[in-house]
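Observations on the three-dimensional arrangement
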Amino acid sequence: EAGVAQSPRYKIIEKRQSVAFWCNPISGHATLYWYQQILGQGPKLLIQFQNNGVVDDSQLPKDRFSAERLKGVDSTLKIQPAKLEDSAVYLCASSLSPWYEQYFGPGTRLTVT
Amino acid sequence: AQSVTQLDSHVSVSEGTPVLLRCNYSSSYSPSLFWYVQHPNKGLQLLLKYTSAATLVKGINGFEAEFKKSETSFHLTKPSAHMSDAAEYFCVVTENNAGGTSYGKLTFGQGTILTVHP
């Protein structure tokens, strides 16, 4: 069974530029999560989707971050414009439903200069 | 609200000696608790989970954890460390609703980096 796929693995941009990350969950997983992991901290949930609907986006900085999950499969997370403090690893995870185990992708490491 | 405190940011042990990674949690309702491991440049992997069944939980690679409600603790242990155990470990909590099912929102601790010396 293929795991959660993410791309790109690494991205370096300048502040005020925009960037997008892509996630392909495990086939059949209805729930998809985006986490932000700043160096030295544990991951923090940004947004949770159930199929193509948003369940929880309370910690998503909506003035600059956006996410979508069209057709309830792949998802993209966008930052526009980026700030220095957005430098982090962005993790995507998926699960069959909210009460099942979450499987994590390898992450995208973003550096904002 | 739920939260997790990992009491040690770094733990260093010699190969073959016991491992103890400490975790305290706070939760308004009955929690589920997890330990995840993160090796460099790899994704997070679930080690073990507690979901209100047996309080002593066994996981992969010889790790186990004991849920102690009176102490609000969920410490991770392993009798004998191996070089391949060197990684960062996260204690994680999620709240369950009155029916005992999870909302899915994981709250991670700050992480404990485990170093294993030969």
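Refer to the structure above for everything that follows.
Residues numbered from 1 in each chain as written. Chains lettered and ligands numbered in written order. Predicted model: local features only at pLDDT ≥ 70, side-chain atom pairs only at ≥ 80, totals over all residues. Heavy atoms only, no water.

1. Examining the nonpolar core
Where we set the bar: Take the buried Ala, Val, Leu, Ile, Met, Phe, Trp, Tyr and Cys residues and link them wherever side-chain atoms come within 4.5 Å; each set so joined is a nonpolar core. We call a residue buried when its accessible area falls under 20% of the maximum for its residue type, exposed when it is over 50%, and partly exposed in between, using a 1.4 Å probe and counting protein chains only. Numbering of helices and strands runs from the N terminus, with a helix taken as a DSSP run of H or I at least four residues long and a strand as a DSSP run of E at least two residues long.
Residues Trp35, Leu48, Phe74, Leu76 and Tyr89 of chain B are the most contacted members of the largest nonpolar core, which totals 26 residues. In terms of residue count, strand E10 (residues 87-95) of chain B provides more of this core than any other element does, four residues in total. Ranked by size, the runner-up nonpolar core spans 21 residues in total, among them Ile13, Leu32, Trp34 and Ile47 of chain A.

2. Description of unusual backbone geometry
All names here are of chain A. Ser7 connects to Pro8 through a cis peptide bond whose omega is -10°. Mapped onto the elements of the fold, Pro8 is located in the loop between strand E1 (5-7) and strand E2 (10-13). Between Gln80 and Pro81 the backbone carries a cis peptide bond, its omega angle lying at -5°. One can find Pro81 in the loop between strand E8 (75-79) and strand E9 (88-95).

3. Looking at the environment of Glu14 of chain A
Looking at the secondary structure, you find Glu14 of chain A in the loop between E2 and strand E3 (19-24). Accessibility expressed as a relative area gives 51% for Glu14 of chain A, which makes it exposed.

4. Considering the packing of aromatic side chains
Operational definition: The criterion for an aromatic pair is that two Phe, Tyr or Trp rings (for Trp, the six-membered ring) have centres within 6.5 Å, with stacked assigned to planes under 30 degrees apart, edge-to-face to planes over 60 apart and tilted to the rest.
Taken as a whole, this structure holds 14 aromatic pairs over all chains when the rule is applied. With a centroid separation of 6.0 Å and an interplanar angle of 80°, the aromatic rings of Phe90 of chain B and Phe108 of chain B are classed as edge-to-face. Note that Phe90 of chain B is positioned in strand E10 and Phe108 of chain B in strand E11 (residues 107-108), a separation of 18 residues in sequence. An aromatic cluster is defined as three or more aromatic residues linked by ring pairs; in this entry it consists of Tyr33, Tyr35 and Phe104 of chain A together with Phe34, Tyr36, Phe90 and Phe108 of chain B.

5. Side note on the environment of Gln110 of chain B
This is how it is decided: Note on definitions: a residue-residue contact is assigned when non-hydrogen atoms from the two residues lie within 4.5 Å.
Here Gln110 of chain B shows up in the loop between E11 and strand E12 (112-117). Beyond its immediate chain neighbours, meaning those up to four positions away, Gln110 of chain B contacts Gly40, Gln41 and Gly42 of chain A together with Gln6, Glu88 and Phe90 of chain B.

6. Brief notes about the interface of chain B and chain A
Let me state the cut-off plainly: When two parts are put together, the accessible area they lose, computed with a 1.4 Å probe and summed over both, is reported as buried area. We define a salt bridge as a contact between a side-chain nitrogen of Lys or Arg and a carboxyl oxygen of Asp or Glu at a distance within 4 Å. Under this definition, polar contacts are N or O atom pairs within 3.5 Å; protein pairs additionally need one hydrogen-donor-capable and one acceptor-capable atom, and for neighbouring residues in sequence, both atoms have to be side-chain atoms. Note on residue categories: nonpolar means Ala, Val, Leu, Ile, Met, Phe, Trp, Tyr, Cys or Pro, charged means Asp, Glu, Lys or Arg, and polar means any other residue, Gly included.
Across the boundary between the two partners, chain B contributes 16 residues, which contact 22 residues of chain A. Here chain B packs against chain A, burying approximately 1,500 Å² in sum over the two surfaces, 51% of which is carbon and sulfur. When residues of chain B are sorted by the area they lose upon contact with chain A, Leu44, Lys105 and Phe108 of chain B head the list and together hold 29% of the total. In this structure, the connection of chain B to chain A is made through zero salt bridges. For the interface between chain B and chain A, the tally reads one residue pair in polar contact (both at pLDDT 80 or more). Elements with a minimum of two residues in the side of chain B that touches chain A: strand E5 (31-38) and strand E6 (44-50) of chain B. Its residues assigned to classes, the side of chain B that touches chain A comprises seven nonpolar, eight polar and one charged.

7. Details of the pairing of strand E5 (residues 44-50) of chain A
Residues and elements named next belong to chain A. Note the cut-off: Following DSSP output, two strands are said to pair if at least two bridges run between them.
Burial analysis of E5 places five of its seven residues in the buried class, the great majority of the element. With six bridges joining them, strand E4 (residues 31-37) and E5 adopt antiparallel strand pairing. For Tyr35, the partnering residue across the bridge sits in E5 and is Leu45. As consecutive antiparallel partners, E4 and E5 are separated by six residues, and within that stretch Gly40 has a phi angle of approximately 85°, a positive value. In textbook terms, the turn of a hairpin is the stretch between consecutive antiparallel strands, and for E5 and strand E6 (residues 53-56) this stretch comprises two residues, one of which, Asn51, has a positive phi near 55°.

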